[in-house]
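Residue-level structural notes
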2 protein chains.
Amino acid sequence: MMQLETNYPFKPIGRIHTPFTEKKGMPIQPSGAEGVAGSVTVFAEYQSGLSDLDGFSHIILLYVFNRSEGFSLKVVPFMDTEERGVFSTRAPRRPNPIGLSVVRLHRIEDGVLHIENVDILDGTPLLDIKPFVPEFDSQADVKVGWLEKSGRTVRRHRSDDRFSS
Amino acid sequence: MMQLETNYPFKPIGRIHTPFTEKKGMPIQPSGAEGVAGSVTVFAEYQSGLSDLDGFSHIILLYVFNRSEGFSLKVVPFMDTEERGVFSTRAPRRPNPIGLSVVRLHRIEDGVLHIENVDILDGTPLLDIKPFVPEFDSQADVKVGWLEKSGRTVRRHRSDDRFSS
């Protein structure tokens, strides 16, 4: 199959603020970041798109892993000791370094979203906000492959330096 | 706050194939697309990143809404009659037109993912694949704002032309 040549230039619409200024020691997923508070500042020109969002308890943040450089198709995930295909992991060094986190939304004030359960580095560029809707986003009868054994320990895991660039 | 000037040029890693060649009449979310089969072709140079993914029953696809042009900060969603802030909806005409769908993964053969519950237009450029992990991606005690009333009817809703560009 011919590869598409198009590049899609995405532009940050805001920035995410969290207590995590370094990769080392941060939680690896929101489930390991319970109670960690942060905020999302949406740039003025996009703030009118936030109306009606305050009725949602959870939101999906899409953002750029801007502290990662390049990518690897095989990675050893934090929760594992074996090399895995990058698309079977949530590791940041992906071909398109887009991160996804579901976080709790507490309130919105002057274009700032106050959020909780944040597993994101401070200063991360925000690409999109979507409402979390269980009917779309939750699934039953889920199998989680290599995570079957290690997934139960996510809450205790913290990042180390392995994905530093 | 100063706006970031950086643009992030994301490049398709594959393409999504579905029965939906037109926006009109397609399901608006995977929950309305139960049983609809499709496939994802991952370009050869990225296929080694697919290893270990076949253990997962559900995956998250991130893709480009490439049939939408421009964006609106206020939209009238398919499931509603009132204008809403675009970030409280899943509408395609977003500042960064990135789509997100959770789909069921049946099998992977020669770099082609066979998937089900597909609500995506045929030919859509793929940006990323992530494993769906309930511990990260499912939430309890969720409130869905303006969707509280209309969300229950998603399964019956089909797209119309309103987001055509």
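Residues numbered from 1 in each chain as written. Chains lettered and ligands numbered in written order. Predicted model: local features only at pLDDT ≥ 70, side-chain atom pairs only at ≥ 80, totals over all residues. Heavy atoms only, no water.

**With respect to the overall build of chain A**
From N to C terminus, chain A includes 2 helices and 9 strands. Secondary structure elements of chain A occur, N-terminal to C-terminal, as β-β-β-β-β-β-β-β-β-α-α. The buried share of chain A, taken over its 165 residues, is 59%. The long-range fraction of contacts in chain A, counting pairs at least 24 apart against all pairs at least 6 apart in sequence, stands at 79%. (Helix = DSSP H or I, 4+ residues; strand = E, 2+ residues; numbered from the N terminus. Buried < 20%, exposed > 50% of the residue type's maximum accessible area, 1.4 Å probe, protein only. Contact = heavy atoms within 4.5 Å.)

**Topic: the sheet that holds strand β7 (residues 98-109) of chain A**
Residues and elements named next belong to chain A. If you trace the 6 strands once around the closed barrel, you get β2-β3-β8-β7-β4-β9, paired in antiparallel fashion. Direction aside, neighbouring strands of the sheet carry axes that sit 45° apart on average. Where strand β4 (residues 58-64) and strand β9 (residues 124-131) come together, 5 bridges link them in antiparallel fashion. Bridge pairing in β9 links Ile-60 to Lys-130. (Pairing = 2+ DSSP bridges. Axes fitted to C-alpha atoms, helices over the stretch in contact; angles between N-to-C directions.)

**Comments concerning the environment of Ala-44 of chain B**
All names here are of chain B. Following the sequence through the fold, Ala-44 ends up in the loop between β3 (37-42) and β4 (58-64). Ala-44 gets classed as exposed once you look at its relative accessible area, which sits at 61%. For the pair Ala-44 and Ser-72, spaced 28 residues apart in the sequence, the C-alpha separation amounts to 36 Å.

**Here's the deal with the relation of the copies chain A and chain B**
With an RMSD of 0.0 Å, chain A superimposes on chain B once it is rotated by 180° and translated 0.0 Å along the axis. What we have between these two chains is a two-fold relation. Measuring from the rotation axis to each C-alpha of chain A, the shortest distance belongs to Pro-9 of chain A, at 2.0 Å. Both copies share a contact surface, since 100% of the interface residues of chain A are interface residues in chain B too. (Least-squares fit on C-alpha atoms with pLDDT ≥ 70 in both.)

**Focus: the pairing of β7 of chain A**
Residues and elements named next belong to chain A. Where β4 meets β7, 7 bridges bridge the pair, whose relative direction is antiparallel. Paired with His-58 across the strands is Arg-104, a residue of β7. What sits between β7 and strand β8 (residues 112-116) in their antiparallel hairpin is a turn of 2 residues, with Asp-110 showing a positive phi close to 50°.

**Considering the sheet that holds strand β9 (residues 124-131) of chain B**
Pairing is antiparallel in the closed barrel, where 6 strands are placed in the order β2-β3-β8-β7-β4-β9 (chain B). The sheet shows a mean angle of 45° between the axes of neighbouring strands, direction not considered.

**A word on the layout of surface pockets**
Taken as a whole, the largest pocket holds about 160 Å³ of empty space. Considered class by class, the residues forming the lining of the largest pocket number 8 nonpolar, 4 polar and 4 charged. (1 Å grid on protein atoms, 1.4 Å probe; cavity = no way out; pocket = protein on both sides within 12 Å on 5 of 7 lines; lining within 4 Å. Points joined across faces, edges and corners; volume = space filled by probe spheres on them. Nonpolar A, V, L, I, M, F, W, Y, C, P; charged D, E, K, R; others polar.)

**Considering the pattern of salt bridges**
Residue and element names in this part refer to chain A. The final tally for this structure, using the stated rule, is 14 salt bridges over all chains. Between Asp-128 and Lys-130 there is a salt bridge; the shortest N-O distance is 2.9 Å. Each member of the pair Asp-128 and Lys-130 is classed as buried. (Salt bridge = Lys/Arg side-chain N within 4 Å of Asp/Glu carboxyl O.)

**Structural notes on the interface of chain A and chain B**
For interface size, the figure often reported is the accessible area lost on association. Taken residue by residue, the interface counts 82 residues in chain A and 82 residues in chain B. With both sides pooled, the region where chain A packs onto chain B buries about 7600 Å², and carbon together with sulfur makes up 61% of that total. When the buried area of chain A at its contact with chain B is split by residue, Phe-10, Phe-87 and Phe-136 of chain A rank highest and sum to 11% of it. Inspection of the chain A/chain B interface yields 6 salt bridges. A salt bridge links Arg-90 of chain B to Asp-137 of chain A; the shortest N-O distance between them is 2.9 Å. Counting across the chain A and chain B interface gives 38 residue pairs in polar contact (both at pLDDT 80 or more). Residues that form the side of chain A that touches chain B fall into these classes: 40 nonpolar, 24 polar and 18 charged. Strand direction decides the pairing type here: strand β1 (residues 8-10) of chain A and strand β1 (residues 8-10) of chain B, joined by 3 bridges, are antiparallel. (Buried area = accessible area lost by both parts, 1.4 Å probe. Polar contact = N/O pair within 3.5 Å; in protein donor to acceptor, adjacent residues only side chain to side chain.)

**Brief notes about unusual backbone geometry**
All names here are of chain A. You will see that Asp-110, though not glycine, has its phi angle at about 50°, which is positive. In the Ramachandran plot, Asp-141 falls in the positive-phi region, its phi being about 55° despite a non-glycine side chain. Relative to the elements of secondary structure, Asp-141 occurs in the loop between α1 (134-137) and α2 (147-150). Judged by its relative accessible area of 68%, Asp-141 falls in the exposed class.

**Topic: the packing of aromatic side chains**
By the definition in use, this model includes 5 aromatic pairs over all chains. Taken together, a centroid distance of 5.6 Å and an interplanar angle of 40° make the contact between Phe-10 of chain A and Phe-10 of chain B tilted. In this pair, Phe-10 of chain A is assigned in strand β1 and Phe-10 of chain B in strand β1, connecting two distinct chains. Taken individually, Phe-10 of chain A and Phe-10 of chain B each receive the classification buried, so the pair is uniform in this respect. Aromatic pair Tyr-63 of chain A and Phe-65 of chain A: ring centres 5.6 Å apart, planes at 85°, arrangement edge-to-face. Under the relative-accessibility criterion, Phe-65 of chain A is labelled buried at 18%. (Phe/Tyr/Trp six-rings, centres within 6.5 Å; stacked < 30°, edge-to-face > 60°.)

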